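If you want the building blocks of each chain, they are given just below.
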Amino acid sequence: MFTSTINTAPPMLTQAPVPPPPTPNAPSPPDTPITPQTPRDVLHNSWGSVSEKDPRKDSGIRSRRSSIQAQLFAINGMSPGDLLTHRVSGYYTSSQSSVVDHKFVDMGESGCGAEPCSIPLNESLTRFHQLRKQSDLQLIKCMQQAENHRQYIEAPPLSHTTLFFVDDELEKQYRQQAHKPRHDSPPTLVSTHFNTYFDILVSALVYIVVTISLFMLFQYTLGWLVLCLVSTCWHLLLLVLCSSQVMRRENTGTSSQIYAKLTRWHPWHICGASIICLPLAAVMSNFSCSLSDLDGTKTFFCYLTFVSSIHLCNFTQLNCWMKNILATIGIVILLVLVSPSLCLQASHMNDNRNNSTLYSAGEMSESLAHFSYQELVVASVLLVLLVWFLNREFEISYRLSFHGSVMAMKDKVQVQTMKNQADWLLNNIIPRHVADSIKTTAKYSENHKDVAVMFASIVNFNELYDEDYLGGKEYLRVLNELVADIDELLLRPEFKNIEKIKTIGSTYMAASGLDAKVRQSNTDAHQHIFELMEFALAMQKVIEDFNQDLIEFNLIIRIGLNFGDVTAGVIGTTKLYYDIWGDAVNIASRMDSTGVPGRIQVSNRCAVVLNRRYELERRGQVFVKGKDNMDVFLLKGRREDT
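Residues numbered from 1 in each chain as written. Predicted model: local features only at pLDDT ≥ 70, side-chain atom pairs only at ≥ 80, totals over all residues. Heavy atoms only, no water.

**As for the overall build of the chain**
Broken down by element type, the chain carries 23 helices and 10 strands. Looking at the 642 residues of the chain, the share that counts as buried comes to 38%. Summed over its atoms, the accessible surface of the chain is roughly 39800 Å², and 59% of this surface lies on carbon and sulfur atoms. (Helix = DSSP H or I, 4+ residues; strand = E, 2+ residues; numbered from the N terminus. Buried < 20%, exposed > 50% of the residue type's maximum accessible area, 1.4 Å probe, protein only. Areas by Shrake-Rupley, 256 points an atom, 1.4 Å probe, with all protein chains shown as cover.)

Encoded structure:
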């Protein structure tokens, strides 16, 4: 039997002792009455249990976050398992639990099962429903703040009378692409690529049904047979063109050219009007005054006219005003043809015999005809209103669908542009292969072996820099142009292994061999080192050209190279900072700071590798901080045999 108990200690703070297993033939302890507690007592007891000394807290196992989380669970009157038990599809629901709770409440028992609970489940679920409502309100507020959605709701893109797009460019685009397949979405049965085909197919089916009905109900006439032959040939031609377009994947050939010309805006309105009017014209061609209500031919004639008029709602790409006018004209012609006065005058002209009995019968039949004609007028007016309403709604829906597709395509292009800009900015801050890793892991650090590092400094830039002239902005502009010219060198394919690390004042830092995939494609194990040396020579050439363009400047560059093991990583979560660390980096920096202006200085280890392609001269030993004296070499030039 379930008892209404209240857990006074959060499950994360205290652990209930495990009772010993029951002994056989042992008397059961008497039931102890449990006094119910209020939620305030639960809160007091929860804080009391938190304030009690926990031996695990002193040992550092219990973190402060866990205790605070337990306190919050105690305040809300819920256990941590409730978050996982009642979460369905991202929302907290209580469909089954609420039913169980009500069931046990009606029985006077708790719905918590064998496990103790602090407060009824419905109260905790109410809090989650409030949180859900708050999130929904926040979402609605964000949608209301969006300017595009507000303009779309308050000012629709269609004219109220003509239903044309207010934007002339959008209307022109709609008329050009109304029948063309959209490449922004996969081809489905509801796409514009098949919409025209289905319209023609539906028209052909309606025409076949109406034609068979006319042959079964009415007598054949020469005019009707000629019209039937022409209409059938016209439908067959369009069906053949549509079938060829559906079967062919590549729209090439004579049939495709004919279809493209027919589906233009104005030619298609002419073709569409002729197609949707053919069933109505076929019905009207079978009218004669011999139609009578007695044999039902007149009634069937009206029914077929109504069906043909409803068929004017087909072809959603056509303008609704054109279809509405055609439907109105067809109904007006129907009312004129079946009016009692028209056929009665013809019968009076052909028959001049007149007696009283026949005259009274004629008056009775005429009154009945007028009565049925009034019903026909009412039905025709309602049908015209229905056709007008459907045509308007269909065109509005089709145009809004096209507008939504265009806006979605524009938003997609805008999002892609913003993504490309973000990727461009990210790739300019950190290397591309590092950016790809950060997108998946959100952190990056890696060890690299035999990475070549270069430091290049403009040794006399500080002497030229003068803050008295425009606050130093002119000199910074010159430095920016120089660094930009050096950065352009990295776009060359022969420098694919090189990555710019950073600029420190007037010092340019670069490294090669950091991308493992690029190094695997190299033909030589030390190709990245040779590329960095070629990059250093190209930098010297850039400085020479720069000095020739600026007469007042005579910039002098000093370069230092080294290679070895480094560690690369990205620091920070905002304003990401990519850098490399290691003893090889420090030695490369010392090769620059202790180097000779206008020359390239390399370490002894680097000289062993570069000696294969370059001529080096030994400078001697140079004191390097942290390394004592080191043998260094200066570059003389490329070897002639290479």
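**Considering the pattern of salt bridges**
Per the stated rule, a full pass over the model turns up 17 salt bridges. Put simply, Glu617 and Arg599 hold a salt bridge, and the shortest N to O gap is 2.5 Å. You can see Glu617 sitting in strand E9 (residues 614–624) and its partner Arg599 sitting in the loop between helix H22 (583–593) and strand E8 (600–603), a full 18 residues away along the chain. On the accessibility criterion, Arg599 (25% relative accessible area) is partly exposed. One continuous salt-bridge network, built from bridges that share partners, spans Glu171, Arg175, Glu395 and Arg399. (Salt bridge = Lys/Arg side-chain N within 4 Å of Asp/Glu carboxyl O.)

**A few points about the side chain of Asn562**
Mapped onto the elements, Asn562 comes out in strand E6 (residues 557–571). At 3.2 Å, the side chain of Asn562 forms a polar contact with the backbone oxygen of Ala584. (Polar contact = N/O pair within 3.5 Å; in protein donor to acceptor, adjacent residues only side chain to side chain.)

**Description of the UniProt feature "transmembrane region" (unreviewed entry) in the chain**
On the UniProt side, "transmembrane region" (unreviewed entry) is annotated at positions that read residues 197–218, 224–244, 265–284, 296–313, 325–348 and 368–390 here. Summarising residues 224–244: 100% helix, 0% strand, and an end-to-end C-alpha distance of 30 Å. (UniProt positions renumbered as here; feature names shortened; annotations may be inferred.)

**Comments concerning the packing of aromatic side chains**
By the definition in use, this model includes 13 aromatic pairs. Their ring planes at 55° and their centres at 5.6 Å tell us that Trp268 and Phe315 sit as a pair that is tilted. Pair noted here: Trp268 is in helix H12 (residues 265–284) and Phe315 is in the loop between helix H13 (297–310) and helix H14 (320–337), with a separation of 47 residues, a long-range link. The same class applies to Trp268 as to Phe315, namely buried. Connected via pairs of aromatic rings, a cluster forms that spans Phe165, Tyr174, Trp265, Tyr398 and Phe402. Stacked on the ring of Phe164, the Lys or Arg Arg175 has its end atom at 4.9 Å from the ring centre. (Phe/Tyr/Trp six-rings, centres within 6.5 Å; stacked < 30°, edge-to-face > 60°. Lys NZ or Arg CZ within 6 Å of the ring centre and 35° of its normal.)

**A word on the packing of H12 against H14**
At a minimum axis separation of 11 Å, H12 and H14 run at an interaxial angle of 15°. As the angle between them shows, H12 and H14 are arranged roughly parallel. Like other packed secondary-structure pairs, H12 and H14 cross with a definite hand, here right-handed. Residue-level inspection shows His269, Ala273, Ile276, Cys277, Leu280 and Met284 of H12 in contact with H14, the latter providing Met322, Lys323, Leu326, Gly330, Ile333, Leu334 and Leu337. Tallied by class, the residues present in the contact of H12 with H14 amount to 10 nonpolar, two polar and one charged. (Axes fitted to C-alpha atoms, helices over the stretch in contact; angles between N-to-C directions. Parallel < 35°, antiparallel > 145°, perpendicular 65-115°, else oblique. Left-handed = near helix turned anticlockwise from the far one by under 90°. Contact = heavy atoms within 4.5 Å. Nonpolar A, V, L, I, M, F, W, Y, C, P; charged D, E, K, R; others polar.)

**Notes on the side chain of His448**
Counting through the fold element by element, His448 comes out in strand E3 (residues 445–458). Within polar-contact distance, the side chain of His448 engages the backbone oxygen of Leu514 at 3.5 Å.

**Quick word on the nonpolar core**
Judged by nonpolar contacts, the single largest core of 45 residues is most densely connected at Leu214, Phe301, Phe315, Leu334, Val338 and Leu376. Elements with a contribution of two residues or more to this core: helix H9 (192–217), helix H10 (222–247), helix H11 (254–262), H12, H13, H14 and helix H16 (356–429). With nine residues, the top contributor of residues to this core is H12. Beyond its immediate chain neighbours, meaning those up to four positions away, Phe301 contacts Phe218, Val283, Met284, Asn286, Phe287, Leu291, Leu334 and Val338. In terms of nonpolar packing, the next biggest core, distinct from the first, is built from 44 residues, Phe461, Leu482, Ala510 and Phe553 among them. (Core = buried A, V, L, I, M, F, W, Y, C linked by side-chain atoms within 4.5 Å.)

**A closer look at the confidence of the model for the chain**
Reading predicted coordinates in detail is not appropriate for stretches of low pLDDT. The pLDDT averaged across the chain works out to 76; a share of 70% of its residues lies at or above 70. Here strand E2 (residues 91–92) stands out as the least confident element of the chain, with mean pLDDT 36; strand E5 (residues 507–512) is the most confident, with 95. (pLDDT = per-residue confidence, 0-100.)

**Some details on the packing of H12 against H13**
Where H12 meets H13, the closest approach of the two axes is 8 Å, and the angle between their N-to-C directions is 165°. By the criterion of interaxial angle, the relationship of H12 to H13 is roughly antiparallel. Crossing angle aside, the handedness with which H12 passes H13 is left-handed. Facing H12, whose interface residues are Pro279, Leu280, Val283 and Met284, H13 presents Phe301, Leu304, Thr305, Ser308 and Ser309.

**A word on the environment of Met630**
Mapped onto the fold, Met630 is located in strand E10 (residues 628–638). Under the relative-accessibility criterion, Met630 is labelled buried at 16%. Taking C-alpha positions, Met630 is 9.9 Å from Ile587, a pair spaced 43 residues apart along the chain. Non-local contacts of Met630, meaning those with residues more than four positions away in its chain, are made with Ile587, Gly620, Gln621, Val622 and Val624.

**Comments concerning the pairing of E10**
A regular strand places its side chains so that they alternate between the two faces of the sheet. Judged from the three bridges that link them, E8 and E10 form a sheet pairing that is antiparallel. Bridge pairing in E10 places Val602 opposite Phe633. Bridging between E9 and E10 involves 10 bridges; their strand directions are antiparallel. For Tyr614, the partnering residue across the bridge sits in E10 and is Arg638. Linking E9 back to E10 in an antiparallel pair, the connection comprises three residues, with Gly626 at a positive phi of about 90°. (Pairing = 2+ DSSP bridges.)

**Let's talk about unusual backbone geometry**
Excluding glycine, a negative phi dihedral is what most residues carry, and trans is how most peptide bonds are arranged. Although it is not a glycine, Phe315 sits at a positive phi angle of roughly 60°. You can call Phe315 buried: its relative accessible area is 0%. Phi is positive for Asp450, close to 55°, though the residue is something other than glycine.

**A short note on H13**
The first and last C-alpha atoms of H13 sit 20 Å apart over 14 residues, in line with the 20 Å expected at 1.5 Å per residue. By the burial criterion, the buried members of H13 are Thr297, Lys298, Phe301, Cys302, Leu304, Thr305, Phe306, Ser308 and Ser309. (Expected span 1.5 Å × (residues − 1).)

**Focus: the environment of Gly595**
Examined against the element boundaries, Gly595 turns out to sit in the loop between H22 and E8. For the pair Gly595 and Gly560, spaced 35 residues apart in the sequence, the C-alpha separation amounts to 6.7 Å. Every residue in contact with Gly595, bar those within four places of it in the chain, is listed here: Arg558, Gln601 and Arg619.

**Looking at a nonpolar patch on the surface**
The grouping of Phe198, Leu201, Leu205, Ile208, Ile212, Met216, Leu217, Phe300 and Tyr303 at the surface amounts to a nonpolar patch, some 890 Å² of accessible area in total. Residue assignment for the nonpolar patch shows that the elements contributing at least two residues are H9 and H13. Looking at the nonpolar patch, the element that brings in the most residues is H9, giving seven residues. Within the element layout of this structure, Leu201 appears in helix H9. (Patch = residues over 30% accessible without salt bridge, like charges linked within 9 Å, V, L, I, M, F, W, Y side chains within 5 Å.)

**Some words on the environment of Leu158**
As for its placement among the helices and strands, Leu158 is situated in the loop between helix H7 (147–154) and helix H8 (168–177). For Leu158, a relative accessible area of 9% gives the class buried. For the pair Leu158 and Arg399, spaced 241 residues apart in the sequence, the C-alpha separation amounts to 8.2 Å. When sequence neighbours within four positions are dropped, the list of residues in contact with Leu158 reads Leu163, Phe164, Phe165, Val166, Ile396, Arg399 and Leu400.

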